[in-house]
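So the chains spell out like this:
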Amino acid sequence: GIKHISLVGLNEISWGKKEGQPITPEEDAYYHHMLKQWQEGKTDLRIEGGESPEEVVVRMKPALDIILNQEKEETILICMHGRAIRILLCYWLHYPLSAMDMFEHQNLCLYQLNYTGKQFQVMRYNDTSHLQLS
């Protein structure tokens, strides 16, 4: 009974021709090469056939507007994949996309943000305490 919506704009970055391919040493080297390019500020570059981080931001903006313009909700949960999370955090926190890898994440981690109506503040960072067994 929890209200939810699915927004395509929040999908993971498209890895193009690399999507779903086994990771060979060559593929891994190419991936790390692209990460380095993005860290150096070349966030307009895309993996062959995929998206650049800048293109992901453009795709995300309408979905994020929908979220922020919802009826007043106290808590909103956004579930995303890793690279998309990093891009979202850079966008909302006003960091350059080249800094996206500073946002570490583990599977099922939680980033808790507080929104003042003007800006976001990180309250919990890469938190997995909810996964701990009692």
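Structural notes, computed from the coordinates.

The residue N69 is located in the loop between α2 (53-68) and α3 (82-93) in this model. In sequence terms N69 and N11 are 58 residues apart; their C-alpha atoms lie 19 Å from each other. Here the side chain of N69 touches D65 through a polar contact of 2.8 Å, landing on its backbone oxygen.

Applying the stated criterion across every chain yields a total of eight aromatic pairs. Each ring, one from W92 and one from F120, has its centre 4.1 Å from the other, and the planes form 15 degrees; the classification is stacked. With W92 in helix α3 and F120 in strand β2 (residues 120-127), the pair connects residues that are 28 residues apart, well separated along the chain. Each member of the pair W92 and F120 is classed as buried. Note on Y111 and Y125: the rings are 5.1 Å apart at their centroids and 70 degrees apart in plane angle, and the pair reads as edge-to-face. Residue Y111 is found in strand β1 (residues 110-115), and its partner Y125 is found in strand β2; the two are separated by 14 residues along the sequence. Overall, Y125 belongs to the partly exposed group, its relative accessible area being 38%. Linked through ring pairs, Y95, F103, Y111 and Y125 together constitute an aromatic cluster. A cation over a ring is seen here: K18 above Y30, with NZ or CZ 4.8 Å from the ring centre.

Judged by nonpolar contacts, the single largest core of 29 residues is most densely connected at L10, W38, M60, L64, M80 and I87. Broken down by secondary-structure element, the contributors of at least two residues to this core are α1 (25-39), α2 and α3. Per-element tally for this core: the top contributor is α3, with eight residues.

Scoring rules and cut-offs
Residues numbered from 1 in each chain as written. Predicted model: local features only at pLDDT ≥ 70, side-chain atom pairs only at ≥ 80, totals over all residues. Heavy atoms only, no water. Helix = DSSP H or I, 4+ residues; strand = E, 2+ residues; numbered from the N terminus. Polar contact = N/O pair within 3.5 Å; in protein donor to acceptor, adjacent residues only side chain to side chain. Phe/Tyr/Trp six-rings, centres within 6.5 Å; stacked < 30°, edge-to-face > 60°. Buried < 20%, exposed > 50% of the residue type's maximum accessible area, 1.4 Å probe, protein only. Lys NZ or Arg CZ within 6 Å of the ring centre and 35° of its normal. Core = buried A, V, L, I, M, F, W, Y, C linked by side-chain atoms within 4.5 Å.

Scope: geometric values only; no functional claims are made or implied.
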